[in-house]
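# An overview of the molecular structure
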Amino acid sequence: MMAADCLSASGRVPAIGRACEKVFDVLVTGGGITGGGIALDAASRGLSVLLLEKLDFASGTSSRSTKLIHGGLRYLKNLEFRLVHEVGKERAVLCKNAPYLVYPEKMLLPVYRGGQYSRFFTSLGLRVYDLLAGVKKNERRKMLTLKEAYKKESMLSIDGLTGAGLYYEYRTDDARLVMELVKTACTAGAQCFNYIKVQEFIYRDKKICGVKAIDKETGKEYLFHAKHIVNATGPWADELLKQDDTGRKGMLHHTKGVHIVLPHARLPVSQSVYFGTRDSRMIFAIPRNGTTYIGTTDTDYRGPLEDPVVSGKDADYLLEAVNKKFHGTRLTRADILSAWAGIRPLIHQEGKSLSDISRKDEVVESSSGLITITGGKLTGYRAMAEKITDLVMKRLAAAGEKKFIACKTKNIPFAGNGFAKHGGFKNYKESLAEKILPYGYTRDDAVMLARRYGNNADIIAERFLSAPQGNAFGLLEAEVWYAVNFEAARNITDFMARRTDNLFFRTDKIPVRLPVVASAFAALLGWDEEQKKQQADAFAGELRNATTFA
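Predicted, not measured: the structure shown is a model, and the values here were computed from it.

This paragraph deals with the environment of threonine 329. Along the polypeptide, threonine 329 turns up in the loop between helix H8 (312-325) and strand E16 (338-347). Residues threonine 329 and alanine 457, 128 residues apart in the sequence, show an inter-C-alpha distance of 38 Å. In this structure, threonine 329 is in contact with Met155, Arg266, Leu267, Val322 and Asn323, ignoring residues within four places of it in sequence.

This is the structure in structure tokens:
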């Protein structure tokens, strides 16, 4: 894989300059899952595409999910059958196009006497879910007796337990999913830049035709022009809508979802569990990398959209739910390794409770020509992108500038999905392991790299193998090099929080890894000692936010 200029340290500034000289078919503001999806869809149909993200790719809601590609089981409660069908189909497409990032995870749904759902309705609901979501035959639900359920997960509280449903969700790394999507979009021809903030819109004859933006690293201002502009900024969508139309009322209802991470030894579940709480919410307990993470909450949110915090009340709610459902745990805040909070941009629906508000997306066309899309779910991003790109293509076709081309992304493999030449993902993991095993690394390390980068892990391995040996952190340094030159990582937090999962799931490794990562960034980006300290201090602040609760 060749590095895209817009994602490489050396190519970034010249690429920004070239982008200022063009008039793009479409400019997308927002570098989360929706914006990345639109960039890929539009570029793959032959449109010239510019994507601008004011912070880092996936730094907002898109990296703060439950890290599952849902089949939509919970939407059955609100009778949203079409949504269940759609996300089920999209899940299958994602698994095909990015098998290294999206893969099946068994989920246990315990049934309790007097609980939210009886055994009959659990069985019926899972059966309907299988049908609507198009679940593979070997992944369809199975109802378990009390004895079978307890054998599957002996930590479950036995009090009132009558059995369980066993079904499949698909797990992912949400931040990596966005990064791989952006890289795939760039391969298709899109220009994607992080840390470029849109400040204001440019108009000609009352029609939007460009943006004034600022590079948040250098403070330099730029003008970018496009025939069509898409607002895909998630929780910030109302802000840009009001900037375009000062009299417009907000359309979003923000809610906060919180997750906490515990040592697996303190909650040693043998598989993922989806269980009910005292207030009829459903939350997950999911084992991952020697930890178990719990979530999510769903509460009204009216605070700052940047860096929402996890409160002590949020953490206590999840701890109470776990302590009640899993016997012998007695978990406290002291057990929490890390936590994150994300803001959901739901479409406001008067009179509906939070759990009843639809997770459907909504498109708004302003009189200026601005296109806004918000709402929706991680799983449904591709369908959302198709909807927006169809709209742009119809506009271009109506103006006689382009012929309408149908969506192609259903069959576009992600950037790291080059496993055919290796005989499949399983064989690829083995071949990668053989490269690094002689140097003190393990098969688990190979699996981690393959899951994170797909077959582009070969580039990292080659960089590592070409460097002088004897460095215990050689592979880590090779990852930093790759992130800076192929994935637009601009600082330590980009790498520790989003290019890798160190911030939330490997906190015990941070003390030894941080100096290595900081030194590698300094060498690659030319930081002096003062800049290096500033960047390390900035990451220390992110770490405090992830590990302390007000």
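Let's pick the thread back up.
Let's shift gears to the packing of aromatic side chains. For the structure on display, the rule yields 19 aromatic pairs. Over the ring of tryptophan 340 we find lysine 67, and its NZ or CZ is 4.6 Å from the ring centre. Above the plane of the ring of phenylalanine 505 lies arginine 288, whose end atom (NZ or CZ) is 4.1 Å from the centre.

We now examine unusual backbone geometry. Residue threonine 296 is bonded to the preceding glycine 295 through a cis peptide linkage, with omega at 15°. Within the fold, threonine 296 resides in the loop between strand E14 (291-295) and strand E15 (299-300). Residue lysine 67 is not a glycine yet carries a positive backbone phi of 65°. Residue lysine 67 is classed as buried on the basis of its relative accessible area, which comes to 4%. Despite not being glycine, aspartate 307 shows a phi value in the positive range, around 50°.

By secondary structure assignment, the location of serine 272 is in strand E12 (residues 272-276). Judged by relative accessible area, which is 0%, serine 272 ranks as buried. A polar contact of 2.6 Å, which involves the side chain of serine 272, links it to the side chain of glutamate 105. With residues near it in sequence (within four places) discarded, serine 272 still touches Glu105, Lys106, Met107, Leu108, Arg171, Ala285, Ile286 and Pro287.

An ideal rise of 1.5 Å per residue puts 22 Å on 16 residues; helix H16 (residues 510-525) measures up with 21 Å between its terminal C-alpha atoms. Taken residue by residue, H16 has Ile510, Leu514, Val516, Val517, Ala518, Ala520, Phe521 and Ala522 as its buried positions. Next to the buried residues of H16 lie helix H13 (474-486), helix H14 (492-499), helix H15 (502-505) and helix H17 (529-547). Of the residues trailing H16, glycine 526 is marked for its positive phi of about 75°.

What follows covers empty space enclosed by the protein. Here the idea is plain: a probe the size of a water molecule rolls over the atoms and shows the empty space left. Within this structure, the stated rule accounts for three cavities of 30 Å³ or more. Considered as a void within the structure, the largest cavity measures approximately 80 Å³ in volume. Around the largest cavity sit Ser63, Lys67, Asp173, Asp174, Ala175, Arg288, Ala497, Arg498, Thr500, Asp501, Phe504 and Phe505, which together line it. The set of elements that each furnish at least two residues to the lining of the largest cavity consists of helix H6 (174-187), H14 and H15. Per-class residue counts for the lining of the largest cavity are four nonpolar, two polar and six charged. Put simply, the second largest cavity is a space of about 60 Å³. Lining the second largest cavity are Leu40, Glu90, Val93, Leu94, Asn97, Thr379, Tyr381, Arg382, Thr409, Ile412 and Phe414. Of all the elements in the fold, those that place two or more residues in the lining of the second largest cavity are helix H3 (81-97) and helix H9 (381-398). Per-element tally for the lining of the second largest cavity: the top contributor is H3, with four residues. Split into classes, the residues belonging to the lining of the second largest cavity amount to six nonpolar, three polar and two charged.

The rules we used
Residues numbered from 1 in each chain as written. Predicted model: local features only at pLDDT ≥ 70, side-chain atom pairs only at ≥ 80, totals over all residues. Heavy atoms only, no water. Helix = DSSP H or I, 4+ residues; strand = E, 2+ residues; numbered from the N terminus. Contact = heavy atoms within 4.5 Å. Phe/Tyr/Trp six-rings, centres within 6.5 Å; stacked < 30°, edge-to-face > 60°. Lys NZ or Arg CZ within 6 Å of the ring centre and 35° of its normal. Buried < 20%, exposed > 50% of the residue type's maximum accessible area, 1.4 Å probe, protein only. Polar contact = N/O pair within 3.5 Å; in protein donor to acceptor, adjacent residues only side chain to side chain. Expected span 1.5 Å × (residues − 1). 1 Å grid on protein atoms, 1.4 Å probe; cavity = no way out; pocket = protein on both sides within 12 Å on 5 of 7 lines; lining within 4 Å. Points joined across faces, edges and corners; volume = space filled by probe spheres on them. Nonpolar A, V, L, I, M, F, W, Y, C, P; charged D, E, K, R; others polar.

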